[in-house]
Amino acid sequence: MIPTGNCSRPKSRPSLASVLSSLVLAIVSGLTLGMSADTQPILRKIDYASIQGWSEDNHAAALQAFRRSCLEIVERGRAFRREVKFGGVRQQWSGVCKRVDEASQPRDFFEKNFTPLVVSDPARPEGMFTGYYEPEAPGSRTQSVGYPVPIYRKPDDLVAFDFAGQQETGLKYGRVIDGHPKPYSTRKEIEQGALARRGLEIVWLKDWADAFFIHIQGSGRIRLEDGSLVRLAYAAKSGQPYTGVGGLLADRGVFSREQMSMQATRSWMAKNYNAARQLMWENRSFIFFREVEVADPELGPPGAQQVALTPERSLAVDRSIWAFGTPVWLDTMTPSGADGSSQQFRHLLVAQDTGTAIRGHVRGDIFWGAGERAAFIAGHLKSPGKMIVLLPNDLAEQLLAAQ
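Values in this document were obtained by computation on a predicted structure and should not be read as measured data. (Residues numbered from 1 in each chain as written. Predicted model: local features only at pLDDT ≥ 70, side-chain atom pairs only at ≥ 80, totals over all residues. Heavy atoms only, no water.)

Right, let's talk about the sheet that holds strand β7 (residues 173–177) for a bit. One open sheet holds the three strands; their spatial order is β6-β7-β8, and the pairing between them is antiparallel. Where the open sheet ends on each side, the last strands, each with one partner, are β6 (159–160) and β8 (180–182). The sheet contact formed by β6 and β7 spans two bridges and is antiparallel. Along β7, the bridge assignment pairs Ala 160 with Tyr 173. (Pairing = 2+ DSSP bridges. Helix = DSSP H or I, 4+ residues; strand = E, 2+ residues; numbered from the N terminus.)

Following this line, the structure appears as structure tokens:
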């Protein structure tokens, strides 16, 4: 401790190096235990009676989504193979999951097995919530003049780099050429034929913009000419950096930040074909897909947890902070009309997905399903809000004690 004017001077003054070392240790320790640099706790316990809207929510719908997560946690538990800041260990979740099938009262199940914790983020105190959906586009199994745009499955030479490869390239994924890690092809290179004639095409689309927005959403439904449906789920990404094209358009004065939406971007692309192609290429990242069975058209494709997403109940989160399967209470505003009107959104969701742009403690991307309504809300949603996580009681107690 450095003495203040009201304290007596110590017998021996500590060296500057030791003072700095102590300060660094204190800061690092605080951050490690879930404290911000100004020592404010990130997690704060709250009681259920204090959660606005809690008693009115459809807890049965949230429990159905949580059950799907539990099946994955008990059977495989992929989320726990990497370090998750507030994820705890798999056993803390599987213990709760073993009781889920006995839950006859959904609200009671959550209240008895989980402790609600208000989440604060010193980097973004107001939080940020966006939306995504499952786009649909016309397509064909064969290439033609009318269907020139390929959707690719993951190529065999795309690999995850080890630590040394990541250090050398600055990327997590790429290819290995002559024993050396190298970046994978860019969006422009792939769309100009870098993967042609390798038999990687799943389907062919009419429009490059259709493919681009399926990439952005990470999934899609393709309506074939005979009326049948092909469902695409995320398989891999190229590892090249992601750039949001909406932000580029705003930076260049095409739209204001307030005017920006997915619909506005698509409209601009339709009117500016050549410029749109150049713009899309500025996002060097490229997504690869896999075809999955349409088992239940009311549900979405599998998210990163590899469970089917539930419209308005599945949430994409920062997976380095929250474990897949975490119940999350959101309190935010969502678009309700073309006139800019909005409505309150207070619901319990389950963390079942992630995304490149989803970073931070109070950051979430709500899955809205498919169709025009889902596209409208997802395209316009960008709202601050509050986030309360429900963590297993023993994990919550452990994390609170560490703060």
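Don't stop here, the text continues.
This part is about the sheet that holds strand β9 (residues 201–205). Pairing in this open sheet of six strands is mixed, and the strands run β5-β9-β4-β10-β11-β12 from one edge to the other. Because the sheet does not close on itself, it has two edges, and the strands there are β5 (149–152) and β12 (287–292). Averaged over all adjacent pairs, the angle separating strand axes in this sheet is 45°, with direction ignored. The pairing of β5 with β9 spans four bridges and is classified as antiparallel. Residue pairing across strands places Tyr 152 opposite Glu 201, the latter belonging to β9. (Axes fitted to C-alpha atoms, helices over the stretch in contact; angles between N-to-C directions.)

A word on the confidence of the model for the protein. When pLDDT is averaged along the protein, the result is 89; 90% of the residues meet or exceed 70. Low confidence marks residues 35–39, where pLDDT is under 50. Its contacts with residues over four positions away, or in another chain, come to seven contacts. (pLDDT = per-residue confidence, 0-100. Contact = heavy atoms within 4.5 Å.)

Each aromatic ring pair is described using two quantities: the centre-to-centre distance and the angle formed by the ring planes. Considering all chains together, one arrives at 16 aromatic pairs under this definition. Look at Tyr 184 and Phe 288: their rings are 6.3 Å apart centre to centre, the planes differ by 85°, and that puts the pair in the edge-to-face class. In this pair, Tyr 184 is assigned in the loop between β8 and α6 (187–194) and Phe 288 in strand β12, connecting sequence segments 104 residues apart. Accessibility expressed as a relative area gives 0% for Phe 288, which makes it buried. By way of ring pairs, the aromatic residues Phe 66, Trp 93, Phe 109, Phe 110 and Phe 114 are connected into one cluster. Positioned above the aromatic ring of Tyr 184 is the side chain of Arg 175, whose terminal nitrogen or guanidinium carbon lies 4.0 Å from the ring centre. It is Arg 277 that lies over the ring of Trp 208; its NZ or CZ is 4.2 Å from the centre. (Phe/Tyr/Trp six-rings, centres within 6.5 Å; stacked < 30°, edge-to-face > 60°. Buried < 20%, exposed > 50% of the residue type's maximum accessible area, 1.4 Å probe, protein only. Lys NZ or Arg CZ within 6 Å of the ring centre and 35° of its normal.)

This next bit is on helix α2 (residues 59–75). Along its 17 residues, α2 runs 24 Å from first to last C-alpha, staying within 8% of the 24 Å computed at 1.5 Å per residue. His 59, Ala 62, Leu 63, Ala 65, Phe 66, Ser 69, Cys 70, Glu 72 and Ile 73 are the residues of α2 that are buried. Buried residues along α2 sit in contact with α3 (90–97), α4 (106–113), β2 (114–119), β14 (327–335) and β15 (342–353). With a side-chain oxygen positioned 3.2 Å from the backbone nitrogen of Ala 60, the residue opening α2 is Asn 58. (Expected span 1.5 Å × (residues − 1). Polar contact = N/O pair within 3.5 Å; in protein donor to acceptor, adjacent residues only side chain to side chain.)

Time to look at the state of the cysteines. By the definition in use, this model includes one disulfide. The disulfide bridge from Cys 70 ends at Cys 97, spanning 2.2 Å between sulfur atoms. Here the disulfide of Cys 70 and Cys 97 is left-handed, its torsion about the S-S bond being about -75°. Of this pair, Cys 70 sits in helix α2 while Cys 97 sits in helix α3, and the two are 27 residues apart along the sequence. The residues Cys 70 and Cys 97 share a single accessibility class, namely buried. (Disulfide = S-S within 2.5 Å.)

Locating Lys 382 in the fold gives a position in strand β17 (residues 382–383). On the accessibility criterion, Lys 382 (61% relative accessible area) is exposed. With 252 residues separating them in the primary sequence, Lys 382 and Thr 130 have C-alpha atoms 4.7 Å apart. When near neighbours in sequence (up to four residues on either side) are disregarded, Lys 382 contacts Met 128, Phe 129 and Thr 130.

What follows covers the side chain of Ser 219. Among the secondary structure elements, Ser 219 is positioned in strand β10 (residues 219–224). Overall, the relative accessible area of 4% leaves Ser 219 in the buried class. Sequence-distant contacts of Ser 219, that is, excluding residues within four places in its chain, are made with Tyr 133, Glu 134, Pro 135, Ile 214, Leu 232, Phe 289 and Pro 301.

Within the structure shown, the criterion is met by 17 salt bridges. A salt bridge links Asp 57 to Arg 313, with the shortest nitrogen-to-oxygen separation between them at 3.0 Å. Of this pair, Asp 57 sits in the loop between β1 (43–45) and α2 while Arg 313 sits in the loop between β12 and β13 (314–316); the two residues are 256 residues apart in sequence, bridging distant segments of the chain. For Arg 313, a relative accessible area of 8% translates into the label buried. Residues Glu 72 and Arg 78 are paired through a salt bridge, measuring 2.9 Å at the closest nitrogen-oxygen approach. Using a relative accessible area of 6% as the deciding quantity, one classes Glu 72 as buried. According to the relative accessible area criterion, Arg 78 is partly exposed, its value standing at 23%. (Salt bridge = Lys/Arg side-chain N within 4 Å of Asp/Glu carboxyl O.)

The element strand β3 (residues 128–134) is extensively covered by neighbouring structure, given that seven of its seven residues are classed as buried. A two-sided burial pattern is seen for β3, the buried positions comprising Met 128, Thr 130, Tyr 132 and Glu 134 on one face and Phe 129, Gly 131 and Tyr 133 on the other. Taken together, the six bridges between β3 and strand β16 (residues 363–370) define a ladder with parallel strand orientation. Residue pairing across strands places Tyr 132 opposite Phe 367, the latter belonging to β16. With two bridges connecting them, β3 and β17 associate as antiparallel partners. Across the sheet, residue Thr 130 finds its bridge partner in β17, namely Lys 382.

Another point: the pairing of β2. Taking burial as the measure, the six residues of β2 include six buried ones, the bulk of the element. Alternating residues of β2 divide into Phe 114, Pro 116 and Val 118 and Thr 115, Leu 117 and Val 119, and every residue in both groups is buried. Looking at chain direction, β1 and β2 are connected through three bridges and run antiparallel. What sits directly across from Lys 45, in β2, is Leu 117. As judged from the five bridges shared by β2 and strand β18 (residues 385–392), these two strands associate in the antiparallel manner. When the bridges of β18 are listed, Val 118 appears paired with Ile 388.

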